[in-house]
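Coordinates in review
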Amino acid sequence: MERALTLAKLGWGKTRPNPLVGAVIVKEGKVIAEGYHHYYGGDHAEVDALKKIKFLAKGAAIYVNLEPCSHYGKTPPCVEAIIKSKAKKVVVALQDPNPQVAGRGIKILRKHGIEVVLGVLEEEARKLNEIFIKYITTSKPFCILKTAMTLDGKIATSNGDSKWITEEDARAYGHHIRDRVAGIMVGISTILADDPQLNTRILNKEGNQPVRIIVDSKLRIPLEVNVVKTAKQQPTLIATTNKASKEKIEELAKLGVEVLMVEEKNGKVNLEDLMIQLGQRKIDSILLEGGGTLNYSALDVGIVDKVMCFIGPKIIGGRNAITPVEGTGKSLIKDAFIVEDISLEKFRKDILIEGYIRRRG
């Protein structure tokens, strides 16, 4: 199962909105075939592996990190291929989280006399497909808040200088994270301050660039910034409200930018409505790289699922230096946002802390 999970990761950024799945076929104690889901619309992991042995798996066990599908989609059901292969056993890490089909594939396999073992490395499998699970059960994107700060909790100096808090290897890893998600989201303040490109800069990269999502309630974005100038090369959405100028919307459309009208809440873009609309566009995951105001708003309305905080061994100081989460803030410690299931990763000089936002109630 560990090997199946490793194979599944080879599909990062290519299978969405489908899950990451790997499969290993074992007979008489030896691996005879393995496969994974390479890209959306391609063969599922079980079929990819079975093809390599011409679907002849009599007496073999198939290890797969997600319940084999039982319905027709882009490809035929995997359970049919498994039954025809005459495999005797299927070991599954995680039951399909889709409430409409959960457990159905397992029932069909058992009905045909195939032994099914469920729950091997379940937590590891759940974490691997956390994006898929959130999206398939809520139709909303999985949101990762990513930031890089100094030891004293600053993301920039008081005059806005922020290059660079972390070293090159940590920044390169950040681009790999961008490569795994469907969209990158920032606020208009980040665009005005940094004029970022919001793309994935990975050598020999295959696949599509993530959708750029800019939250801009009054449509203040200048036409000369990088995300507008390159909108015909990389999909770009600007989430705004009815405060936006119709003339500005038309100008942006000519340059390839799509303007998304979102409900207004307290004079700003309603982030909950934005998540619903992004989910309807099959955007299953978002990397939030916003400034302090947008980050706080996202946490406050509850759209953040995961936090990735890079810490560089630098100290800036300064009462007015910029911090990763600002906004109005909480007045009582008991009301603070709690991050749990913490993990640490060390780079050459920097540290990455990952965790999940505890849901209130």
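This one's a predicted model, so the numbers in the text were calculated from it and none came from an experiment.

We now examine the UniProt feature "binding site: NADP(+)" (unreviewed entry) in the chain. Per the UniProt record, "binding site: NADP(+)" (unreviewed entry) is found at Ala148, Trp164, Thr190, Asp194, Ser217, Gly291, Gly292, Thr293, Leu294, Asn295, Tyr296 and Ser297. A maximum C-alpha distance of 29.1 Å is found for the annotated residues, which run over 150 residues; spatially they are spread out rather than grouped. Mapped onto the elements of the fold, Ala148 is located in strand E6 (residues 142-150). Residues within four places of Ala148 in sequence aside, it is in contact with Lys154, Ile155, Ile165, Thr166 and Phe310. Secondary-structure assignment places Ser217 in the loop between strand E8 (211-215) and helix H9 (226-229). The exposure class of Ser217 is buried, given its relative accessible area of 17%. Here Ser217 is in contact with Ala239, Thr240, Thr241, Lys243, Ala244, Gly267, Lys268 and Val269, once residues within four sequence places are set aside.

Examined at the domain level, the chain breaks down into domain 1 (1-130) and domain 2 (141-357). Placing a centre on the C-alpha atoms of domain 1 and another on those of domain 2 gives a separation of 35 Å. Residue-level contacts link 6 residues of domain 1 with 10 residues of domain 2. For the pairing of domain 1 and domain 2, the buried interface totals around 840 Å² over both sides, and the portion due to carbon and sulfur atoms is 49%. By the criterion of area lost to domain 2, the three top residues of domain 1 are Trp12, Arg16 and Glu130, representing 65% of everything that side buries. A salt bridge links Lys306 to Glu130; the nearest nitrogen and oxygen atoms lie 2.9 Å apart.

Relative to the assigned elements, Asn226 resides in helix H9. Assessed through its relative accessible area of 19%, Asn226 is described here as buried. Leave out the neighbours within four places in its chain, and Asn226 touches Asp195, Pro196, Gln197 and Arg212.

Per the counting criterion, the structure on display carries 1 cavity of 30 Å³ or more. In this structure, the largest cavity occupies an estimated 120 Å³ of space. Around the largest cavity, the lining is made up of 16 residues, and of these Trp12, Asn18, Leu20, Ile131 and Asp284 lie nearest the centre. A class-by-class count of the residues in the lining of the largest cavity yields 6 nonpolar, 6 polar and 4 charged. Taken domain by domain, the lining of the largest cavity gets at least three of its residues from each of domain 1 (1-130) and domain 2 (141-357).

Parameters and conventions
Residues numbered from 1 in each chain as written. Predicted model: local features only at pLDDT ≥ 70, side-chain atom pairs only at ≥ 80, totals over all residues. Heavy atoms only, no water. UniProt positions renumbered as here; feature names shortened; annotations may be inferred. Helix = DSSP H or I, 4+ residues; strand = E, 2+ residues; numbered from the N terminus. Contact = heavy atoms within 4.5 Å. Buried < 20%, exposed > 50% of the residue type's maximum accessible area, 1.4 Å probe, protein only. Domains from an automatic or database assignment. Buried area = accessible area lost by both parts, 1.4 Å probe. Salt bridge = Lys/Arg side-chain N within 4 Å of Asp/Glu carboxyl O. 1 Å grid on protein atoms, 1.4 Å probe; cavity = no way out; pocket = protein on both sides within 12 Å on 5 of 7 lines; lining within 4 Å. Points joined across faces, edges and corners; volume = space filled by probe spheres on them. Nonpolar A, V, L, I, M, F, W, Y, C, P; charged D, E, K, R; others polar.

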